[in-house]
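Residue-level structure breakdown
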Amino acid sequence: MQTVGKGWDAAAIWERTLKKVSLMNAAIGGKSPHVAREDGKYDDLRIDWWTSGFWPGILWIAYDMTGEERYKDAAWSWDERMEQHMLRPNSFDHDVGFQFLPTAVIKHRLTGDEDGERRGLFAANFLAGRFNLNGKFIRAWNSDMHGWSIIDTAMNLSLLYWASQRSGDPRFGQIATAHADTVLRHFIREDGSVRHIVCFDPNTGLFDEALGGQGYAPDSGWSRGTAWALYGMANTFRYTADRAYLRAAQRVAHYFLASLPEDSVPHWDFRSAEQLEGEPRDSSAGAIAASGLLELAELLPAKEGAVYRRAAERILQSLHDNYATWDDDGSEALLLHGTGHKPAGQNVDVSLIYGDYFFIEAIAKLNGWKHRIF
Ligand code: GLY
């Protein structure tokens, strides 16, 4: 087990992380990675799968932090590949935020590339088109799930706020804020825990039922969903300055932090069983929450924010010390022990590219990275 000692040396951890990203770049090549198992090799998934933006997002962060062209070169074509795929039969859904923010939008922000801006706006129009007027929610998935909304969408709202800023058209932001209000009303519970799926009647917009989804049960606390809510509501406050979202982000953060086990890395669900001992962890939930907590810290006065920053550092240090592949140069992944979808028995105790992304994003933030992707 690696340790970095008692002190937090963010610069040293960034250097170590960058060395790993360099190895990943050589090994991953043009693959669209999602999951790596025991052999440490990432798979290569369809480009319309919701995770396809995270690897190029890592490359753009590495480029922004170092100015090294090799990272930009490796990241450059991803938004074009996605756009091409959008013009064919595909399964893009509400997660276009996860896909186009770390590709087209950050590319435009860092390089001024007009195609990146155009593709980002195209994706924002697609996302806005999923809004249900009566229910005031953005529809999550495709097929016949017309009235299904999920907490993960909170993270995709940044694409809409960005589109309003770029285009001057307030409709995108209005839709994002209407959805965020639905998150406050129907997803975040009084105690700060969060529902995964809420189903509405797609015609009347009335609440129908809550489902457990990737969590243990409808009334449980899926840890990654909790992290999406924390980070998504902090972002919504940044864009709107409405303190209702800040209070919600804090409430969720307190629930998340109070539910952590001793080593600060969450189990996959905070209420999955009477006895959490032995249940799988989800390192990705820890990484997402840590990056969201850093966002929250930035949005608050220094003294209040410091509490969240220290909590983020505790999670990151534990991930660094106990959940990473530093000693395994053959591994294409960074974090171990992620859980994708436990109830479906899919991707349990694996490396997940979004866990890697949010760990790297958080370490970059601790080292002064200011160009936000989400
Ligand atoms: N967006 C799906 C997940 O968090 O697994």
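Check the entry above for the structure.
The paragraphs below set out a description of the structure included in this document. Just so we're clear, the structure is a prediction, and the values are computed from it rather than from any experiment.

Here we come to the side chain of D48. With respect to the helices and strands, D48 occurs in the loop between β1 (35–36) and α2 (54–66). Assessed through its relative accessible area of 5%, D48 is described here as buried. Within the local environment of D48, its side chain forms a polar contact with the backbone nitrogen of S91, the two atoms lying 2.8 Å apart. Leaving out residues up to four positions away in the same chain, D48 has contacts with H85, N90, S91, F92 and Q99.

Below, the discussion takes up α2. Taking 1.5 Å of rise per residue, the 13 residues of α2 would be expected to cover 18 Å, and the 18 Å separating its terminal C-alpha atoms lies within 8% of that figure. Of all the 13 residues making up α2, ten are buried; the element is thus mostly covered by neighbouring parts of the structure. Every buried residue of α2 is accounted for by F54, W55, P56, G57, I58, L59, W60, I61, A62 and Y63. Among the residues trailing α2, G67 stands out with phi positive, at a value near 75 degrees.

To continue, consider the site of the ligand. Lining the immediate environment of the ligand, one finds W50, D152, Q214, W222, R224 and W228. At 2.6 Å, a side-chain N or O of D152 approaches a nitrogen atom of the ligand. Between the ligand and R224 there is a distance of 2.5 Å, counted from an oxygen atom to a side-chain nitrogen or oxygen. The fraction of the free accessible surface of the ligand (200 Å²) that becomes covered by protein chains is 93%. When the residues that make up the shell around the ligand are grouped by side-chain class, the tally is three nonpolar, one polar and two charged.

For the structure on display, the rule yields 24 aromatic pairs. Ring geometry for W141 and W148: centres 6.3 Å apart, planes at 55 degrees, overall tilted. Centroid distance Y161 to Y239: 4.8 Å. Interplanar angle 15 degrees. Geometry classified as stacked. A residue pair is termed long-range when its members are at least 10 positions apart, and Y161 in helix α7 (residues 157–167) and Y239 in helix α9 (residues 223–240) qualify at 78 residues. Given the relative accessible area of 7%, Y161 is considered buried. A relative accessible area of 24% means that Y239 is categorised as partly exposed. An aromatic cluster of at least three residues, connected via ring pairs, comprises W50, F54, F98, W228, Y231, Y354, Y357, F358 and F374. Above the face of the Y239 ring, R238 is positioned so that its terminal group lies 5.1 Å from the ring centre.

A separate point is the nonpolar core. In this structure, L160, L296, F358, F359 and F374 are the most contacted members of the largest nonpolar core, which totals 117 residues. Examining the composition of this core, we find that ten residues originate from one element, helix α13 (residues 353–366), more than from any other. Ignoring sequence-local partners within four residues, the contact set of F359 consists of T17, A287, L316, L319, H320, W326, L334 and L335.

In this structure, K136 is a non-glycine residue whose phi angle is positive, near 55 degrees. One can find K136 in the loop between β2 (131–132) and β3 (137–138). The exposure class assigned to K136 is partly exposed, which follows from its relative accessible area of 41%. Phi at D349 is positive, roughly 60 degrees, even though this residue is not glycine. Among the secondary structure elements, D349 is positioned in strand β8 (residues 346–352).

Okay, the sheet that holds β1 next. As summarised here, the arrangement of the three strands in space is β1-β8-β7, forming an open sheet in which the pairing is antiparallel. Looking at which strands have only one partner, the edges of the open sheet turn out to be β1 and β7 (338–341).

Right, let's get into the pattern of salt bridges. As enumerated under the stated definition, the model contains 21 salt bridges in all. One salt bridge in this structure joins D79 and R119, with 3.0 Å as the shortest N-O distance. Placement of the pair is D79 in helix α4 (residues 78–86) and R119 in helix α6 (residues 114–128), with a sequence separation of 40 residues. Members of the salt-bridge network, linked through shared partners, are D79, E83, K107, D113, D115, R118 and R119.

At a closest axis distance of 8 Å, the pairing of α2 and helix α5 (residues 96–111) adopts a crossing angle of 25 degrees. In terms of axis orientation, α2 runs roughly parallel to α5. The two elements α2 and α5 meet at a crossing, and its hand is left-handed. On α5, the residues touching F54, P56, G57, W60, Y63 and D64 of α2 are F98, P102, T103, I106, K107, L110 and T111.

The rules behind these values
- Residues numbered from 1 in each chain as written.
- Predicted model: local features only at pLDDT ≥ 70, side-chain atom pairs only at ≥ 80, totals over all residues.
- Heavy atoms only, no water.
- Helix = DSSP H or I, 4+ residues; strand = E, 2+ residues; numbered from the N terminus.
- Buried < 20%, exposed > 50% of the residue type's maximum accessible area, 1.4 Å probe, protein only.
- Polar contact = N/O pair within 3.5 Å; in protein donor to acceptor, adjacent residues only side chain to side chain.
- Contact = heavy atoms within 4.5 Å.
- Expected span 1.5 Å × (residues − 1).
- Near = heavy atom within 4 Å.
- Areas by Shrake-Rupley, 256 points an atom, 1.4 Å probe, with all protein chains shown as cover.
- Nonpolar A, V, L, I, M, F, W, Y, C, P; charged D, E, K, R; others polar.
- Phe/Tyr/Trp six-rings, centres within 6.5 Å; stacked < 30°, edge-to-face > 60°.
- Lys NZ or Arg CZ within 6 Å of the ring centre and 35° of its normal.
- Core = buried A, V, L, I, M, F, W, Y, C linked by side-chain atoms within 4.5 Å.
- Pairing = 2+ DSSP bridges.
- Salt bridge = Lys/Arg side-chain N within 4 Å of Asp/Glu carboxyl O.
- Axes fitted to C-alpha atoms, helices over the stretch in contact; angles between N-to-C directions.
- Parallel < 35°, antiparallel > 145°, perpendicular 65-115°, else oblique.
- Left-handed = near helix turned anticlockwise from the far one by under 90°.

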